[in-house]
Amino acid sequence: MLLALWKVAPALITGNTMVIKPSPFTPLTSLRFGQIAQSVLPPGVLSVVSGNDELGPHMTAHPDIAKISFTGSTATGKHVIRSAAGTMKRVTLELGGNDAAIVMPDADWEAIIPQLFWGAVGNSGQWCVGIKRLYVHSSYHARFVDAFVAYARRQKLGDGLDPEVTVGPVQNRMQFEKIKTFLDDIRAKGYKVVLGGEVDPDRPGYFIPVTVVDNPPEDSMIVQEEQFAPIVPTLPMTMSTTSSNAPTTARSAWAVPCGAATPAPPLPSPTASRPAWCGSTKSIPRAWTSRSAATSSRAWAPSTAARAGNCSPIRKPFSSTNRIHK
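Rules behind the numbers
- Residues numbered from 1 in each chain as written.
- Predicted model: local features only at pLDDT ≥ 70, side-chain atom pairs only at ≥ 80, totals over all residues.
- Heavy atoms only, no water.
- UniProt positions renumbered as here; feature names shortened; annotations may be inferred.
- Helix = DSSP H or I, 4+ residues; strand = E, 2+ residues; numbered from the N terminus.
- Buried < 20%, exposed > 50% of the residue type's maximum accessible area, 1.4 Å probe, protein only.
- Contact = heavy atoms within 4.5 Å.
- Areas by Shrake-Rupley, 256 points an atom, 1.4 Å probe, with all protein chains shown as cover.
- Polar contact = N/O pair within 3.5 Å; in protein donor to acceptor, adjacent residues only side chain to side chain.
- Core = buried A, V, L, I, M, F, W, Y, C linked by side-chain atoms within 4.5 Å.
- Salt bridge = Lys/Arg side-chain N within 4 Å of Asp/Glu carboxyl O.
- Phe/Tyr/Trp six-rings, centres within 6.5 Å; stacked < 30°, edge-to-face > 60°.
- Lys NZ or Arg CZ within 6 Å of the ring centre and 35° of its normal.
- Pairing = 2+ DSSP bridges.
- Right-handed = clockwise from strand over helix to strand, strands pointing away.
- Axes fitted to C-alpha atoms, helices over the stretch in contact; angles between N-to-C directions.
- Parallel < 35°, antiparallel > 145°, perpendicular 65-115°, else oblique.
- Left-handed = near helix turned anticlockwise from the far one by under 90°.
- Expected span 1.5 Å × (residues − 1).
- Arc of directions from axis to C-beta.
- Patch = residues over 30% accessible without salt bridge, like charges linked within 9 Å, V, L, I, M, F, W, Y side chains within 5 Å.
- Lys, Arg positive; Asp, Glu negative; His and termini not counted.

- As recorded by an unreviewed UniProt entry, the chain carries the name Acyl-CoA reductase-like NAD-dependent aldehyde dehydrogenase and is attributed to Pseudoduganella umbonata.
- Quoted straight from UniProt, the Sequence similarities (unreviewed entry) entry for the chain says "Belongs to the aldehyde dehydrogenase family."

### Re the overall build of the chain
So, point 1. Helices and strands together make up the secondary structure of the chain, namely eight helices and 12 strands.
So, point 2. Burial analysis of the chain (326 residues in total) assigns 45% to the buried set.
So, point 3. Taking the intrachain contacts of the chain between residues at least 6 apart in sequence as the baseline, contacts between residues at least 24 apart amount to 65%.
So, point 4. Accessible surface computed for the chain: about 16,100 Å², of which carbon and sulfur atoms make up 58%.

### Some remarks on the UniProt feature "active site" (unreviewed entry) in the chain
So, point 1. Here the UniProt-annotated "active site" (unreviewed entry) positions come out as E94.
So, point 2. As for its placement among the helices and strands, E94 is situated in strand β4 (residues 90-94).
So, point 3. Of note is the side chain of E94, whose polar atom sits 3.3 Å from the side chain of K7.

### Things to note about the nonpolar core
For soluble globular proteins, the rule of thumb is that nonpolar side chains tend to be buried together.
So, point 1. Ranked by size, the top nonpolar core spans 25 residues in total, and within it V103, L116, L134, F144 and F148 carry the most contacts.
So, point 2. Sorting the residues of this core by element identifies β5 (100-103), α5 (113-121), β6 (133-137) and α6 (141-153) as the ones contributing at least two each.
So, point 3. In terms of residue count, α6 provides more of this core than any other element does, six residues in total.
So, point 4. Ranked by size, the runner-up nonpolar core spans 19 residues in total, among them M104, V170, I186 and I208.

### Concerning the environment of T17
So, point 1. Counting through the fold element by element, T17 comes out in the loop between α1 (2-13) and β1 (18-20).
So, point 2. A C-alpha to C-alpha distance of 9.7 Å links T17 and I65, two positions 48 residues apart in sequence.

### Things to note about the pattern of salt bridges
Oppositely charged side chains can pair when the atoms bearing their charge come close.
So, point 1. Overall, the coordinates contain 11 salt bridges when judged by the stated rule.
So, point 2. Ionic pairing is found between K132 and E226, a salt bridge with its closest N-O pair at 3.6 Å. Of this pair, K132 sits in the loop between α5 and β6 while E226 sits in the loop between α8 (221-224) and β9 (231-237); the two residues are 94 residues apart in sequence, bridging distant segments of the chain. In this pair, the class of K132 matches that of E226, namely buried.
So, point 3. If you follow the salt bridges from partner to partner, you end up with D99, K132 and E226 in one network.

### Things to note about the packing of aromatic side chains
So, point 1. Inspection of the entire model under this criterion finds seven aromatic pairs.
So, point 2. With a centroid separation of 4.8 Å and 90° between ring planes, the pair formed by F117 and W118 is classed as edge-to-face.
So, point 3. Taking the centre distance of 5.4 Å and the plane angle of 35° together, the rings of F176 and Y206 count as tilted. Remark: Y206 occurs in the loop between β7 (192-195) and β8 (211-214) and F176 occurs in helix α7 (residues 173-189); sequence separation between them is 30 residues.
So, point 4. The ring of F207 has R203 sitting right over it, with the charged end atom 4.3 Å from the ring centre.

### Thoughts on the pairing of strand β3 (residues 67-71)
So, point 1. Here five bridges tie β3 to β4, and the two strands are oriented parallel to one another. What sits directly across from K67, in β4, is R90.
So, point 2. The β-α-β motif built from β3, the intervening helix α4 (residues 74-85) and the parallel element β4 has right-handed crossover chirality.

### Considerations on the packing of α5 against α6
So, point 1. Contact pair α5 / α6: the axes reach a minimum separation of 10 Å and the direction vectors enclose 65°. Taken as axis vectors, α5 and α6 run roughly perpendicular relative to one another. As for the relative orientation of α5 and α6, their crossing is right-handed in sense. Residue-level inspection shows I113, P114, L116, F117 and W118 of α5 in contact with α6, the latter providing F144, A147, F148, Y151 and A152.

### What about α4?
So, point 1. With 12 residues, α4 extends 17 Å from end C-alpha to end C-alpha; this agrees with the ideal 16 Å at 1.5 Å per step.
So, point 2. Of the positions making up α4, those classed as buried are G77, V80 and A84. Buried residues of α4, seen end-on, are gathered within an arc of 55° and therefore sit on one face of the element. The exposed residues of α4 that point more than 90 degrees off its buried face are A75, H79 and R82.
So, point 3. In this structure, the buried residues of α4 make contact with α3 (55-61), β3 and β4.

### Observations concerning a nonpolar patch on the surface
So, point 1. A surface patch of nonpolar side chains, about 290 Å² in accessible area, is lined by L2, L3 and W6.
So, point 2. On the secondary structure map, L2 appears in helix α1.
So, point 3. Owing to a relative accessible area of 54%, L2 belongs among the exposed residues under this scheme.

### Some thoughts on the side chain of K89
So, point 1. Inspection of the secondary structure puts K89 in the loop between α4 and β4.
So, point 2. This buried residue, K89, is left without a salt bridge; D64 holds the nearest opposite charge, at 8.5 Å.
So, point 3. One polar contact links the side chain of K89 to the main-chain carbonyl oxygen of T60, over a distance of 3.2 Å.
So, point 4. Within the structure, K89 has its side chain in polar contact with the backbone oxygen of H62 (distance 2.5 Å).

Written as structure tokens, this is what we have:
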């Protein structure tokens with residue numbers, strides 16, 4: 001729902017009509033929002049339609065929809081852009097992300113372990129701008145891992161309706177089975193698992209234990225691909241006071257908070273993953289193009305016309321107050 005609202009607000013403010021199609025796995029909050037919006041907006045300005053995977057292609061190919069904004073997997077994004085090409089739609093894609101948290105040499109790392117943990121494990125790791133990999137300075141990496149694991153052990157996995165539970169299940173069987181392929185790969189390759197790593201086969205439900213993998217290879221599946229799960233790889237690194245040697249070769253881009261006062265990691269080649277800004281995992285945010293709903297019955301959404309000025313990165317050297325970033 002939050003991702004949908006990021007798209008809805010600018011589209012409606014600039015005078016457009018809009019159709020929301022939520023994930024078939026999580027439609028209820030969007031449908032409820034649509035009900036509430038009906039009491040405020042004129043008929044037809046905002047519609048919510050829910051359905052299975054067959055509905056998406058109908059929308060991307062429909063001649064009366066002039067703009068598509070899609071957030072999801074890279075594989076589905078390829079289908080979206082091919083389908084939209086037939087009617088020359090403008091398309092914005094926010095696809096798979098592989099966000100890194102970098103803990104700088106002078107960081108008060110013990111104080112920020114809770115923030116790093118929940119940045120990675122919150123919502124059972126099921127958010128596109130969550131931390132997918134942790135780079136920790138090598139001078140204290142081992143101590144950091146011990147403290148991170150100690151904090152993780154204090155969390156309780158279980159039914160999210162239980163007030164004592166802090167980590168709930170993943171949302172659906174398809175994702176549950178996909179996560180198990182990551183755990184199978186970690187186990188088969190013999191990586192060092194310092195916490196978790198095993199799913200209880202006798203426990204009903206889609207419960208994935210919090211798993212911490214210490215120093216897996218850079219080319220490993222758990223480092224290169226978005227796990228969307230409570231599995232955290234931690235990697236030691238070195239860093240100068242002005243630049244990062246954290247890898248920028250992961251298959252998906254980074255997410256950086258809007259206005260983050262940190263320079264982007266260096267890009268070793270034009271083909272390397274580029275940092276993204278303002279929570280986007282694929283491209284620099286753009287301004288929105290306005291088209292009045294009164295002059296067109298076509299549904300419009302964000303365009304990629306011009307760079308949004310308030311999301312420009314602030315570039316300055318790393319400092320003691322500027323030492324942790326995604």
